[in-house]
Amino acid sequence: TERTFSIIKPDATRRNLTGKVNAVIEDAGLRIVAQKRIHMSRAQAERFYEVHKERPFFGELVDFMVSAPVVVQVLEGPNAVARYREVMGATNPAQAAEGTIRKLYAESVGENSVHGSDSQENAKLEIGQFFSEAEIV
Ligand code: ATP
Ligand code: MG
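Residues numbered from 1 in each chain as written. Chains lettered and ligands numbered in written order. Predicted model: local features only at pLDDT ≥ 70, side-chain atom pairs only at ≥ 80, totals over all residues. Heavy atoms only, no water.

### Observations concerning the environment of D118
Here comes step 1: Along the chain, the position of D118 falls in the loop between strand 4 (114-116) and helix 7 (120-130).
Here comes step 2: Counting along the chain gives 60 residues from D118 to F58, while the straight-line C-alpha distance between them is 18 Å.
Here comes step 3: Those residues in contact with D118, other than ones at most four positions away along the chain, are V81 and R85.
Here comes step 4: In this structure the side chain of D118 is engaged in a polar contact, spanning 2.7 Å, whose partner is the side chain of N122. (Helix = DSSP H or I, 4+ residues; strand = E, 2+ residues; numbered from the N terminus. Contact = heavy atoms within 4.5 Å. Polar contact = N/O pair within 3.5 Å; in protein donor to acceptor, adjacent residues only side chain to side chain.)

### Examining the UniProt feature "active site" (unreviewed entry) in the protein chain
Here comes step 1: Per the UniProt record, "active site" (unreviewed entry) is annotated on H115.
Here comes step 2: Mapping H115 onto the fold places it in strand 4.
Here comes step 3: Among residues more than four places away in sequence, those in contact with H115 are F5, S6, I7, K9, F48, Y49, Y84, M88, R102 and E126. (UniProt positions renumbered as here; feature names shortened; annotations may be inferred.)

### A closer look at the nonpolar core
Across soluble globular proteins, you tend to see nonpolar side chains buried next to one another.
Here comes step 1: Ranked by size, the top nonpolar core spans 22 residues in total, and within it F5, I7, M40, M65, V72, F130 and F131 carry the most contacts.
Here comes step 2: Where this core is concerned, the elements lending two or more residues are strand 1 (2-8), strand 2 (31-38), helix 3 (42-48), helix 4 (58-65), strand 3 (70-77) and helix 7.
Here comes step 3: In terms of residues, this core owes the most to one element, helix 4, which gives five residues.
Here comes step 4: Leaving out residues up to four positions away in the same chain, V72 has contacts with F5, S6, I7, A34, Q35, K36, I38, F130 and F131.
Here comes step 5: Residues L17, V71, A80 and Y84 belong to the second largest nonpolar core, which totals 17 residues. (Core = buried A, V, L, I, M, F, W, Y, C linked by side-chain atoms within 4.5 Å. Buried < 20%, exposed > 50% of the residue type's maximum accessible area, 1.4 Å probe, protein only.)

### Considering the site of ligand 1
Here comes step 1: If you check the shell around ligand 1, you find 15 residues, and the closest are K9, T91, G110, N112 and H115.
Here comes step 2: In this structure, R102 approaches ligand 1 through a side-chain N or O atom, which is 3.3 Å from an oxygen atom.
Here comes step 3: Side-chain polar atom of N112 to an oxygen atom of ligand 1: 2.9 Å apart, as the coordinates give it.
Here comes step 4: Surface burial for ligand 1 is 81%, taken as the share of its 580 Å² of free accessible area covered by protein chains.
Here comes step 5: Looking at the shell around ligand 1, the elements with two or more residues in it are helix 4 and strand 4.
Here comes step 6: Considered class by class, the residues forming the shell around ligand 1 number four nonpolar, six polar and five charged. (Near = heavy atom within 4 Å. Areas by Shrake-Rupley, 256 points an atom, 1.4 Å probe, with all protein chains shown as cover. Nonpolar A, V, L, I, M, F, W, Y, C, P; charged D, E, K, R; others polar.)

### Describing the UniProt feature "binding site: ATP" (unreviewed entry) in the protein chain
Here comes step 1: Here the UniProt-annotated "binding site: ATP" (unreviewed entry) positions come out as K9, F57, R85, T91, R102 and N112.
Here comes step 2: As for its position among the elements, T91 is in the loop between helix 5 (80-88) and helix 6 (101-105).
Here comes step 3: On the accessibility criterion, T91 (43% relative accessible area) is partly exposed.
Here comes step 4: Sequence-distant contacts of T91, that is, excluding residues within four places in its chain, are made with R102, V109 and N112.
Here comes step 5: Given a relative accessible area of 5%, R102 falls into the buried group.
Here comes step 6: Those residues in contact with R102 that lie beyond four places of it in its chain are K9, M88, G89, A90, T91, P93, A96, N112, V114 and H115.

Here you go:
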């Protein structure tokens, strides 16, 4: 079994879609083993998206991530990293497959409802930014 890190982003929490997103996650065979609703600080969002700091959309992305509360989660299951990427769908919802979270709920490439780690190494780093091991059950 494997763990990945997930964020239900502000566009989704604003529209009261936390439960609907969680239903897709659980129906896909992933278990939510830690979860909390937080309002990210600008410093937390900048650190989290550090890898994108040279991209033209970085400022817009940070503004968005601090614009409303998010739900941070740890998901567990077989091949959790790859499985969750599949369940989220393509970054741009216009290109996302039927039944994926982004196809169902995302509004645009920026406001795309969810984040999921892109590797096991990043999953560990990202989980460590928001959870202690004792909070993951
Ligand atoms: P995430 O890292 O959030 O799981 P991803 O891996 O599918 O998404 P990345 O390329 O890592 O996509 O981009 C990180 C996030 O930056 C995207 O989820 C999206 O919110 C935002 N983003 C990406 N491309 C654009 C863009 N062209 N314009 C605005 N925002 C963008
Ligand atoms: Mg990414």
